[in-house]
Amino acid sequence: MTSVVLALYDGAMLFEAVGAFEVFGVDRELADPWYDFKVCGPRNGLLGGWLRLDTPHGLDVMAEADTVIVPSCDDVEADPPADLVEAVRAAHERGARIVSLCTGAFVLAAAGVLDGRRATTHWMHAAALAARYPEIRVDPDVLYVDEGTVLTSAGKAAGMDLCLHVVAVDHGAAVANALARTLVVPPHRAGGQAQFATAPVPAEAGHAFAGLLHWVSERLHEPLTVPDLARRANMSTRNLTRRFTSATGVTPLRWLHTQRINRARELLETTDHGIEYIATCTGMGTAATLRRHFHRALGVPPDAYRRTFRSARGAAGPS
């Protein structure tokens, strides 16, 4: 899969296009051979709404590409360019690997290459993709989906994750993680991870629950419950839940659960502690409980999550 073509078009977005170029279009001598990278598209179109396209190749170069990458579009309601749709369909029928980044999935959907397949896109547009193309099994909760010859990603940073996944498939995880380090981006993440996690609520001075949040953060190893938090705040459980949700946007139970998961992630990334020990440190009780909740929150088990970061450190070499 050495020949990669990035298919630009009028209305394509800049971030994903540049990300694909940085991964496939710059030979950093991490593997030999690297990719034969070409950019194609119409002249005088607009990239990102303001950069004028002047690509060296037309869409005809897609006819010989091993891999075709379609970046996101700025308007999912508009029909994608007909010539691009036909070129994607022809490349797929010929056996090329087709990769969409973010809302580029709408181009693939219009070409029919996602019919009967599982796919993803940015979570904000997943419902629209599913409604317009009911033949597609849209999964709005994952970073990317690898269906073999057809791959789709969620938005922005997830597009980089998918590009690194493609490199890992072609050249191995060590090369993908070394490339991630060179680009100063997070190491290659498994596609099943959630598109986003509930953000921790900051406990700044002046926050309505700053004292409570700080108190809980120092006791995550304890089997705290929402009634425990209510007693600490001198409120009824119902009153705490109502006021906490109003102030933070999440329920006390959801916030507490997120803090435990975040603490587990930190320990997995930075220590060699066993899963049972981490379960105790985070108030999860048992390794089985930690694994169940961790997988439900992030889409990968804690062991796989830890291996990702260890692979990145190993690829970087000794410090």
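Residues numbered from 1 in each chain as written. Predicted model: local features only at pLDDT ≥ 70, side-chain atom pairs only at ≥ 80, totals over all residues. Heavy atoms only, no water.

The next subject is empty space enclosed by the protein. Overall, the coordinates contain one cavity of 30 Å³ or more when judged by the stated rule. When its volume is computed, the largest cavity comes out at roughly 40 Å³. Forming the walls of the largest cavity are F15, E16, G19, A20, L101, K156, G159 and M160. For the lining of the largest cavity, the elements supplying multiple residues, two or more each, are α1 (14-24) and α5 (157-171). Broken down by element, the lining of the largest cavity gets its largest block of residues, four residues, from α1. Split by residue class, the lining of the largest cavity holds four nonpolar, two polar and two charged. (1 Å grid on protein atoms, 1.4 Å probe; cavity = no way out; pocket = protein on both sides within 12 Å on 5 of 7 lines; lining within 4 Å. Points joined across faces, edges and corners; volume = space filled by probe spheres on them. Helix = DSSP H or I, 4+ residues; strand = E, 2+ residues; numbered from the N terminus. Nonpolar A, V, L, I, M, F, W, Y, C, P; charged D, E, K, R; others polar.)

Looking at the element boundaries, A128 is found in helix α4 (residues 126-132). Judged by its relative accessible area of 25%, A128 is partly exposed. Note: C-alpha distance between A128 and F106 (22 residues apart in sequence) is 9.6 Å. (Buried < 20%, exposed > 50% of the residue type's maximum accessible area, 1.4 Å probe, protein only.)

Summary statistics for the protein chain give a mean pLDDT of 86 and a share of 89% for residues scoring 70 or more. Across residues 312-319 the pLDDT falls below 50, and counting only partners more than four positions away or on other chains, this stretch makes seven contacts in the model. (pLDDT = per-residue confidence, 0-100. Contact = heavy atoms within 4.5 Å.)

This paragraph deals with helix α2 (residues 82-94). Under the 1.5 Å per step criterion, the end-to-end length of α2 is 18 Å for 13 residues, consistent within 8% with the ideal 18 Å. Here α2 has its buried residues at L84, V85, A87, V88 and A91. Projected onto a plane normal to the axis of α2, the buried residues spread over an arc of 165° and lie on a single side. Of the exposed residues in α2, the ones pointing more than 90 degrees away from its buried face are A82 and E93. Just downstream of α2, G95 is the residue with a positive phi angle, here 110°. (Expected span 1.5 Å × (residues − 1). Arc of directions from axis to C-beta.)

Counted by the stated rule, this structure contains six aromatic pairs. Where F21 meets F37, the ring centres are 5.8 Å apart and the plane angle is 65°; that geometry is what we call edge-to-face. With F21 in helix α1 and F37 in strand β2 (residues 36-40), this pair connects stretches of sequence that are 16 residues apart. F37 gets classed as buried once you look at its relative accessible area, which sits at 15%. Geometrically, the ring pair formed by F24 and Y35 is edge-to-face, given 5.0 Å between the ring centres and 80° between the ring planes. Of the two residues, F24 is situated in helix α1 and Y35 in the loop between α1 and β2; the sequence distance between them amounts to eleven residues. Considered together, F24 and Y35 belong to a single accessibility category, that of buried residues. Chaining the aromatic ring pairs together yields one cluster made of F24, W34 and Y35. (Phe/Tyr/Trp six-rings, centres within 6.5 Å; stacked < 30°, edge-to-face > 60°.)

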